[in-house]
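# Close look at the chain arrangement
Each chain, letter by letter, is given below.
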Amino acid sequence: MTPEIELRGVTKRYKTGLFKKPVQALRGVDLAVRKGEVFGLIGPNGSGKSTTIRAILGLIRPDSGNVYFRGDQLSATCIQQEVGYLPENPYLYDHLTLSELLKFCARTSGLARDTASVRSGELLARLSLDHATRRPLRTFSKGMLQRAAICFALLHDPSLVVFDEPMSGLDPVGRKMVFDLVSELKDRGRTIFFCSHILSDVERLCDRIGLLSHGRLIDTFDTGALTASRQGQVHLKVDRLGAEQRDSLAPILEGVTETDDGLLLTVFAANLAALAVRLNQLGISIQGSREDRLTLEELFMRSIQGGEK
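Not measured: the values here are computed from a predicted model.

### Examining the pattern of salt bridges
For the structure shown, the criterion picks out 12 salt bridges. Between Arg208 and Glu37 there is a salt bridge, with its nearest N and O atoms 2.8 Å apart. Here the residue Arg208 occupies a position in strand S9 (residues 208-213), and Glu37 occupies one in the loop between strand S2 (23-33) and strand S3 (38-42), the gap between them amounting to 171 residues. Since its relative accessible area comes to 8%, Arg208 is described here as buried. Classification of Glu37 as buried rests on a relative accessible area of 6%.

Written out as structure tokens, the structure reads:
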């Protein structure tokens with residue numbers, strides 16, 4: 001299947017001054033985003049995430065390599081009507097009311113008045129802004145401005161949505177609204193490109209995740225694979241075992257650790273069911289359990305450190 005967005009060998013560097021060394025922002029990035037998926041891009045500050053977004057949107061031209069939209073080489077005219085963009089620091093005209101802002105967005109997007117009215121009503125209700133349509137944006141809190149910017153990005157019902165730090169400034173209620181909205185967009189077949197420093201959000205929302213470091217895409221993996229990798233070792237707490245019981249359990253166990261009030265039996269999650277059956281046969285009660293889990297943050301740090309070597 002043809003990717004919705006694809007980068008092939010994209011490089012980009014910026015001049016920082018007449019006598020200063022240029023900054024290499026991207027170094028041969030190859031990346032493909034499938035239609036209908038939520039793709040997350042993570043990386044440390046200065047890794048090239050913002051430059052990648054600008055390349056996808058056609059806001060910059062790569063020094064080498066190409067960007068493709070639905071199999072065709074990117075041009076500003078072929079993507080502008082299809083994309084909705086929420087920048088990391090959105091700028092909204094603070095002298096306008098929210099209603100005026102959305103009317104302006106509708107006109108620039110070429111939306112019919114009736115369609116714009118319906119879309120505005122739906123988004124304002126979903127993001128709990130329908131009570132503030134006549135208020136000037138300069139009176140909005142940071143969280144309200146962020147939700148208003150999301151309305152602005154989604155009003156024309158884009159097929160490709162680019163979210164750069166969408167949770168910035170949102171309280172837990174606002175975050176839940178955005179989570180639900182992203183899930184709904186995915187259910188409707190929209191493609192979402194998602195950047196965030198909040199790794200728990202990326203892990204929860206995204207189907208696949210790319211790790212960018214020093215302008216290079218050093219790893220890409222399915223969130224499902226991350227979940228599978230988290231099915232590591234499980235530790236079961238039990239009472240003391242006799243020598244024959246230990247010998248019977250030895251083929252299943254990865255280790256046995258003595259504690260002050262019993263033992264911790266270590267087993268891979270794949271063998272947990274077999275161990276539980278054997279413990280039941282031996283009449284051994286499980287007092288508690290603990291699972292070793294590889295978090296996205298740990299995987300992020302391992303990949304970044306590995307990429308720097």
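Alright, that's what it looks like, and here's the rest.
### Some words on the sheet that holds strand S8 (residues 191-195)
The sheet built from 6 strands is open, its strands ordered S6-S7-S8-S3-S9-S10 with mixed pairing. The open sheet terminates on both sides in strands that have one partner only, identified here as strand S6 (83-86) and strand S10 (216-222). The mean angle between the axes of side-by-side strands here comes to 15°, regardless of whether they run parallel or antiparallel. Here S3 pairs with S9 via 4 bridges, running parallel. Residue pairing in the sheet places Phe39 in a bridge with Arg208 of S9. Running at roughly 155° to S8, helix H1 (residues 49-57) makes contact with S3, S6, strand S7 (160-164), S8 and S9 of the sheet.

### A word on the sheet that holds S2
Pairing is antiparallel in the open sheet, where 4 strands are placed in the order S2-S1-S4-S5. At either margin of the open sheet sits one strand with a lone partner, and together these are S2 and strand S5 (72-73). Bridge count between strand S1 (residues 5-14) and S2: 7 bridges; the pairing is antiparallel. Residue pairing for S2: Arg13 is matched across the bridge by Gln24. Set on the sheet, H1 makes contact with S1, S2 and strand S4 (64-69); between it and S1 the angle comes to about 120°.

### Notes on the state of the cysteines
Applying the stated criterion to the full structure yields 0 disulfides. A disulfide-free cysteine, Cys105 has its sulfur positioned 9.6 Å from the sulfur of Cys151, the nearest such atom. Cys151 gets classed as buried once you look at its relative accessible area, which sits at 1%.

### Observations concerning the nonpolar core
In terms of nonpolar packing, the biggest core is built from 47 residues, with Ile42, Leu98, Ile150, Leu154, Phe163 and Ile209 touching the most fellow members. Beyond its immediate sequence surroundings of up to four residues, Ile150 is in contact with Leu86, Leu127, Phe163, Pro166, Val178 and Leu181.

What counts and what doesn't
- Residues numbered from 1 in each chain as written.
- Predicted model: local features only at pLDDT ≥ 70, side-chain atom pairs only at ≥ 80, totals over all residues.
- Heavy atoms only, no water.
- Salt bridge = Lys/Arg side-chain N within 4 Å of Asp/Glu carboxyl O.
- Helix = DSSP H or I, 4+ residues; strand = E, 2+ residues; numbered from the N terminus.
- Buried < 20%, exposed > 50% of the residue type's maximum accessible area, 1.4 Å probe, protein only.
- Pairing = 2+ DSSP bridges.
- Axes fitted to C-alpha atoms, helices over the stretch in contact; angles between N-to-C directions.
- Contact = heavy atoms within 4.5 Å.
- Disulfide = S-S within 2.5 Å.
- Core = buried A, V, L, I, M, F, W, Y, C linked by side-chain atoms within 4.5 Å.

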